[in-house]
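# Structure assessment
Residue strings, one per chain:
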Amino acid sequence: NFAFAQVLVSVGACWTLLYAMVQNPQISILQAYSVWAVFTILLLSAAFLLVSSLLICKNRIYFVKICRYINELRRFAIDNNDVEFKNTSKMWANPSFPRAFDKSSTQLICFYLISGCYALESIASGIAFYHAASFCCKELISFLIPIGMLVLGVVLVFYTFEAKQK
């Protein structure tokens, strides 16, 4: 919830800055620094979204470990009972479930949405940098900013899933 509220606030702040820049062309400081401010806001917002997505991954792994432990205890109780206790509810009793990467889990759906916002803000920050910068290699840097951020995000998420799952 906080991540989505943060996205709305950062987009609102960028919109406000750009609207003020267009409506007040006579204010030179606003004209000079508003696009740099938008770039900075988007970059910081994307960094926060990356941290949020990593925390969702970590939370998912913790949830999986606890559920597997409960399933292990459930299986032990079902296999070693003397009073004919049966698994009539058909709840999981397999300690290898749930899977860490279950495409339809609510945690991962939230992760998909936050990652999508991260990707969009990374691309938008590259576009803002392109419009703010005035030196020779701005095209290359404005292309490398979102690509680098997206690669960093993918690597960190896969590392989090693989390292914490074991």
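Source: prediction; values computed, not measured. (Residues numbered from 1 in each chain as written. Predicted model: local features only at pLDDT ≥ 70, side-chain atom pairs only at ≥ 80, totals over all residues. Heavy atoms only, no water.)

### Some details on the overall build of the protein
When you go through the protein residue by residue, the secondary structure sums to 4 helices and 0 strands. Listing each helix as α and each strand as β along the protein from the N terminus yields α-α-α-α. Taken over the C-alpha trace, the protein has a radius of gyration of 23 Å; the compact-globule value for 166 residues is 15 Å, which it surpasses by more than 25%. Summarising its shape, the C-alpha atoms of the protein cover approximately 85 × 30 × 15 Å along the three principal directions. A total of 166 residues make up the protein; the buried ones form 33% of that total. In the protein, 70% of the contacts between residues at least 6 apart in sequence involve partners at least 24 apart. For the protein, the exposed surface amounts to about 10,900 Å²; the carbon and sulfur share of it is 71%. Looking at charge distribution, the protein has the averaged site of its 13 positive side-chain charges lying 2 Å from that of its 8 negative ones. (Helix = DSSP H or I, 4+ residues; strand = E, 2+ residues; numbered from the N terminus. Rg over C-alpha atoms; globule rule 2.2 N^0.38 Å. Buried < 20%, exposed > 50% of the residue type's maximum accessible area, 1.4 Å probe, protein only. Contact = heavy atoms within 4.5 Å. Areas by Shrake-Rupley, 256 points an atom, 1.4 Å probe, with all protein chains shown as cover. Lys, Arg positive; Asp, Glu negative; His and termini not counted. Charge placed at Lys NZ, Arg CZ, Asp CG, Glu CD.)

### A few points about the nonpolar core
Ranked by internal contacts, the top residues of the largest apolar core, which has 27 residues, are Leu-49, Phe-111, Tyr-118, Val-157 and Phe-161. For this core, the element with the highest residue contribution is helix H2 (residues 28-79), accounting for 11 residues. Excluding anything up to four places from it in sequence, Phe-161 contacts Cys-57, Arg-60, Ile-61, Ala-100, Phe-101 and Leu-108. (Core = buried A, V, L, I, M, F, W, Y, C linked by side-chain atoms within 4.5 Å.)

### Quick notes on the environment of Ser-104
Looking at where Ser-104 falls in the secondary structure, it is placed in the loop between H2 and helix H3 (106-132). The spatial distance from the C-alpha of Ser-104 to the C-alpha of Gly-148 is 28 Å, given a sequence separation of 44 residues.

### Section: the state of the cysteines
All chains considered together, the criterion is met by 0 disulfides. Not part of a disulfide, Cys-14 finds its nearest cysteine sulfur in Cys-117, a span of 13 Å. (Disulfide = S-S within 2.5 Å.)

### A closer look at helix H1 (residues 2-23)
Taking 1.5 Å of rise per residue, the 22 residues of H1 would be expected to cover 32 Å, and the 31 Å separating its terminal C-alpha atoms lies within 8% of that figure. For H1, the complete set of buried residues consists of Ala-3, Gln-6, Val-7, Ser-10, Cys-14 and Met-21. Buried residues of H1 fall within an arc of 105 degrees about the axis and therefore sit on the same side. Away from its buried face by more than 90 degrees, H1 exposes Phe-2, Leu-8, Val-9, Trp-15, Thr-16 and Tyr-19. (Expected span 1.5 Å × (residues − 1). Arc of directions from axis to C-beta.)

### Some thoughts on the layout of surface pockets
Approximately 240 Å³ is the volume found for the largest pocket. As for the largest pocket, its lining consists of 13 residues, of which Cys-14, Leu-18, Val-38, Leu-42 and Ala-124 are closest to the centre. When residues of the lining of the largest pocket are traced back to their parent elements, those giving at least two are H1, H2 and H3. Looking at the lining of the largest pocket residue by residue, the class counts come to 11 nonpolar, 1 polar and 1 charged. The space that makes up the second largest pocket amounts to roughly 190 Å³. If you go around the second largest pocket, you meet 13 residues; those closest to its centre are Phe-111, Ser-115, Gly-153, Val-154 and Val-157. Listed by contribution, the elements that provide at least two residues to the lining of the second largest pocket are H2, H3 and helix H4 (138-165). Of the residues forming the lining of the second largest pocket, the biggest block, 6 residues, is contributed by H4. Of the residues contributing to the lining of the second largest pocket, the split by class is 10 nonpolar, 3 polar and no charged. (1 Å grid on protein atoms, 1.4 Å probe; cavity = no way out; pocket = protein on both sides within 12 Å on 5 of 7 lines; lining within 4 Å. Points joined across faces, edges and corners; volume = space filled by probe spheres on them. Nonpolar A, V, L, I, M, F, W, Y, C, P; charged D, E, K, R; others polar.)

### Re the side chain of Glu-121
Secondary-structure assignment places Glu-121 in helix H3. Here Glu-121 occupies a buried position and makes no salt bridge, while the nearest side chain of opposite charge, Lys-138, is found at 22 Å. Here the side chain of Glu-121 touches Ser-45 through a polar contact of 2.4 Å, side chain to side chain. Ignoring sequence-local partners within four residues, the contact set of Glu-121 consists of Val-7, Ser-10, Val-11, Leu-42, Ser-45, Ala-46 and Leu-49. (Salt bridge = Lys/Arg side-chain N within 4 Å of Asp/Glu carboxyl O. Polar contact = N/O pair within 3.5 Å; in protein donor to acceptor, adjacent residues only side chain to side chain.)

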